[in-house]
Amino acid sequence: TCALPISEVMPDPSAVGDTAGEWIEVRVNRDLDLNDLGVAGATGNPVVLSSSNCLHATAGTYLVFARSPDMTMNGGLPRVDGTVVSLTNSNGAVRMVMGATELDAMTWTSVRAGHSLQLDDSFTAPADNDVAANLCDGNATYGAGDFGTPGAANRDCGGSTAGMCMDGASMRPLVTPT
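Source: prediction; values computed, not measured.

Sheet strands line up and pair through hydrogen bonds in the backbone, either parallel or antiparallel. Strand order in the open sheet formed by six strands is 8-7-2-1-11-12, and the pairing between neighbours is mixed. The open sheet has two edge strands with one neighbour each: strand 8 (82-83) and strand 12 (135-137). Where strand 11 (residues 117-119) and strand 12 come together, three bridges link them in antiparallel fashion. The partner of L117 across the bridge, within strand 12, is D137.

Below, the structure is given as structure tokens:
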């Protein structure tokens, strides 16, 4: 099982320009070191994390790779763990690689401006982000006002919401008058 499935992408931010506000998120499924991990588009050379220090990541955390590490420029991302290649708004792809080995890939045909494309948090395997029914628009605001959960668990993408309402950041049953 891949230790680093791609869990969310933001190819078309609205709060800031694409060249500063694009990002991807990766879920860490087991403790590991990120040295020499690469982020690539559909083709071309990856952006590689390189350091003589151990770049350790802990299971259960989420990593954010962004075009800009500057919080005032990137739309208010809570943190940036590495840089990412340019993402396309339609017919896009991003890949996590270790040398010539592809660890995971995520593709999309289109995205909604200002909303990330996120993997339902109940799915954690690399193949899960290949199933369109497991993906949905980001539905929580962050930073400068775009929607997504960079660096945090994604929200539920589906299921019935009949009889439910949003109470702040979470769903709860409606309390109806009697």
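From this point, the narrative continues.
So, about the pattern of salt bridges. Applying the stated criterion to the full structure yields five salt bridges. Salt-bridge contacts for E102 lead to R95; the nearest nitrogen and oxygen are separated by 3.8 Å. Judged by relative accessible area, which is 44%, E102 ranks as partly exposed. Salt-bridge contacts for D137 lead to R112; the nearest nitrogen and oxygen are separated by 3.0 Å. Highlighted residues: D137 in strand 12 and R112 in the loop between strand 10 (101-110) and strand 11, separated in sequence by 25 residues. When its relative accessible area of 47% is taken as the criterion, R112 is described as partly exposed.

Another aspect to go through is the sheet that holds strand 9 (residues 90-98). Spatial strand order, 5-4-9-10: four strands in an open sheet with antiparallel pairing. The outermost strands of the open sheet, each flanked by one partner alone, are strand 5 (47-48) and strand 10. For strand 9 and strand 10, the ladder comprises eight bridges, and the chain directions are antiparallel. The partner of V97 across the bridge, within strand 10, is E102.

On to the side chain of E8. Mapped onto the elements, E8 comes out in strand 1 (residues 6-10). Buried and unpaired, E8 has no salt bridge, with R155 as the nearest side chain of opposite charge at 9.5 Å. In this structure the side chain of E8 is engaged in a polar contact, spanning 2.9 Å, whose partner is the backbone nitrogen of T149. Those residues in contact with E8, other than ones at most four positions away along the chain, are W23, I24, E25, S116, L117, Q118, G148, T149, P150 and N154.

Quick look at unusual backbone geometry now. At D36, a position not held by glycine, the phi torsion is positive, near 75 degrees. Along the chain, the position of D36 falls in the loop between strand 3 (32-33) and strand 4 (37-40). In this model, N91 sits at a positive phi of 50 degrees, which is unusual for a non-glycine residue. Position of N91 relative to the elements: it lies in strand 9.

What follows covers the pairing of strand 2 (residues 23-27). Counting buried residues along strand 2, five of its five residues qualify, which places the element largely inside the surrounding structure. Neither face of strand 2 is exposed, since W23, E25 and R27 on one face and I24 and V26 on the opposite face are all buried. Sheet topology note: the strand 1/strand 2 ladder contains four bridges and is antiparallel. Within strand 2, the position partnered with E8 by the bridge is E25.

Rules behind the numbers
- Residues numbered from 1 in each chain as written.
- Predicted model: local features only at pLDDT ≥ 70, side-chain atom pairs only at ≥ 80, totals over all residues.
- Heavy atoms only, no water.
- Pairing = 2+ DSSP bridges.
- Helix = DSSP H or I, 4+ residues; strand = E, 2+ residues; numbered from the N terminus.
- Salt bridge = Lys/Arg side-chain N within 4 Å of Asp/Glu carboxyl O.
- Buried < 20%, exposed > 50% of the residue type's maximum accessible area, 1.4 Å probe, protein only.
- Lys, Arg positive; Asp, Glu negative; His and termini not counted.
- Polar contact = N/O pair within 3.5 Å; in protein donor to acceptor, adjacent residues only side chain to side chain.
- Contact = heavy atoms within 4.5 Å.

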